[in-house]
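Below, each chain spelled out in residue letters.
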Amino acid sequence: MLFTCYGLKLTIGDLTSVQQQLSKELITDYLTQIANRQFFYQYMQKNQSAPYTILLIDIDFFKVINDQFGHDRGDQVLIELSSLYAKALPNNSVFARLGGEEFAIYLPGDNRPKACDLSEQLLSLAHTIELAANRTVSVSIGVSFKAPEEAFNEVVKRADQALYKAKNSGRSQYYIA
Ligand SMILES: Nc1nc2c(ncn2[C@@H]2O[C@H](COP(=O)(O)OP(=O)(O)OP(=O)(O)O)[C@@H](O)[C@H]2O)c(=O)[nH]1
């Protein structure tokens with residue numbers, strides 16, 4: 001069967017694929033192609049019953065990277081970091097770009113040694129992105145574990161406070177809330 005939509009003749013199959021594409025675009029970050037903020041918060045809201053860990057990751061001095069190496073290189077850094085992290089993360093985690101140079105990871109469970117190992121790994125991976133001779137990217141990370149009965153926005157708030165401490169203590173490190 002054919003439908004007419006904005007002057008185009010579309011089959012049901014076409015409409016389904018357009019709809020699927022639009023649904024995917026709504027939850028995907030346009031630049032890095034990982035999940036976006038909207039998807040991340042919806043996912044957290046729906047997965048509140050079991051223990052989980054949140055990692056907030058923020059690239060250090062990103063404004064300086066843009067200013068010194070150009071906005072395109074800045075974009076490239078966001079893409080490279082996303083790709084490195086997406087490959088390194090466990091399959092059951094959710095990785096999203098919250099906006100700008102800030103990323104978040106939802107990790108099922110609240111295993112502290114595991115969160116520490118992962119944070120160390122993410123700090124090291126950032127340093128594999130070279131900006132110039134002897135100059136690499138660095139990130140700061142804030143970690144929080146969901147407390148019983150704690151609302152998801154409170155868990156994120158504590159991770160954000162830990163991130164703030166990591167930034168204020170010299171960057172390129174992680175803190176646990
Ligand atoms: N290239 C690029 N830059 C972006 C994008 N989104 C936000 N920015 C830039 O990211 C920069 C963030 O700067 P700040 O919030 O000052 O943070 P910072 O320089 O990383 O400093 P610290 O977080 O304190 O280490 C701003 O200059 C924004 O313009 C983007 O999609 N691409």
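Residues numbered from 1 in each chain as written. Predicted model: local features only at pLDDT ≥ 70, side-chain atom pairs only at ≥ 80, totals over all residues. Heavy atoms only, no water.

### Considering the pairing of strand E4 (residues 52–59)
A large share of E4 lies buried, amounting to eight of its eight residues. Residues of E4 alternate between two faces, with Tyr52, Ile54, Leu56 and Asp58 on one and Thr53, Leu55, Ile57 and Ile59 on the opposite face, all of them buried. Bridge count for E4 against strand E6 (residues 102–108) is seven bridges, and the pairing is antiparallel. Bridge assignment links Leu56 to a residue of E6, and that residue is Ala104. Bridge analysis of E4 against strand E9 (residues 139–145) gives seven bridges, and the strand direction is antiparallel. The residue of E9 that forms the bridge with Ile54 is Ser144. (Buried < 20%, exposed > 50% of the residue type's maximum accessible area, 1.4 Å probe, protein only. Helix = DSSP H or I, 4+ residues; strand = E, 2+ residues; numbered from the N terminus. Pairing = 2+ DSSP bridges.)

### A closer look at the packing of helix H3 (residues 62–69) against helix H4 (residues 71–88)
One way to put it is that H3 packs onto H4 with a least axis distance of 6 Å and a crossing angle of 135°. Between H3 and H4, the interaxial angle falls into the category oblique. Where H3 abuts H4, its residues Phe62, Ile65, Asn66 and Phe69 lie against His71, Arg73, Gly74, Val77 and Leu78. In the contact of H3 with H4, the residues fall into five nonpolar, three polar and one charged. (Axes fitted to C-alpha atoms, helices over the stretch in contact; angles between N-to-C directions. Parallel < 35°, antiparallel > 145°, perpendicular 65-115°, else oblique. Contact = heavy atoms within 4.5 Å. Nonpolar A, V, L, I, M, F, W, Y, C, P; charged D, E, K, R; others polar.)

### Quick look at helix H6 (residues 152–168)
Every α-helix winds through 3.6 residues per turn, so residues three or four apart in the chain are directed the same way. Between the first and last C-alpha of H6 there are 25 Å, a value that for 17 residues agrees with the 24 Å anticipated at 1.5 Å per step. Burial in H6 covers these residues: Phe152, Val155, Val156, Ala159, Ala162, Leu163, Ala166 and Lys167. Buried positions in H6, seen along its axis, are confined to an arc of 145° and lie on one side of it. Opposite the packed face of H6, turned more than 90 degrees from it, sit the exposed residues Tyr164 and Asn168. Of the surrounding secondary structure, the elements contacted by the buried residues of H6 are helix H2 (37–46), E4, E6, E9 and strand E10 (174–176). The positive-phi residue at the C-terminal boundary of H6 is Gly170, with phi of around 120°. (Expected span 1.5 Å × (residues − 1). Arc of directions from axis to C-beta.)

### Some details on the site of the ligand
The environment of the ligand is made up of 16 residues, and the closest members are Phe61, Phe62, Asp75, Arg97 and Arg171. Between the ligand and Phe62 there is a distance of 2.7 Å, counted from an oxygen atom to a backbone nitrogen or oxygen. Bound to the protein, the ligand loses 67% of the 680 Å² it would expose on its own. Elements represented by at least two residues in the shell around the ligand include exactly E4, H3 and H4. (Near = heavy atom within 4 Å. Polar contact = N/O pair within 3.5 Å; in protein donor to acceptor, adjacent residues only side chain to side chain. Areas by Shrake-Rupley, 256 points an atom, 1.4 Å probe, with all protein chains shown as cover.)

### Overview of the nonpolar core
Formed by 31 residues in total, the largest nonpolar core has its most connected members in Ile59, Tyr85 and Val139. Elements that contribute at least two residues to this core include exactly E4, H3, H4, E6, helix H5 (112–126) and E9. Considering each element in turn, this core owes the most residues, seven residues, to H5. If we skip the residues at most four places from it in the chain, Val139 touches Ile57, Asp58, Ile59, Asp60, Leu81, Tyr85, Leu122, Leu123, Ala126, Ser172 and Gln173. Judged by nonpolar contacts, the second largest core, of 16 residues, contains Phe40, Leu98, Ala104 and Val155. (Core = buried A, V, L, I, M, F, W, Y, C linked by side-chain atoms within 4.5 Å.)

### Digging into the side chain of Lys167
In this fold, Lys167 is placed in helix H6. Here Lys167 falls in the buried class, since its relative accessible area comes to 15%. Here Lys167 is in contact with Asp58, Ile59, Asp60 and Ser140, once residues within four sequence places are set aside.

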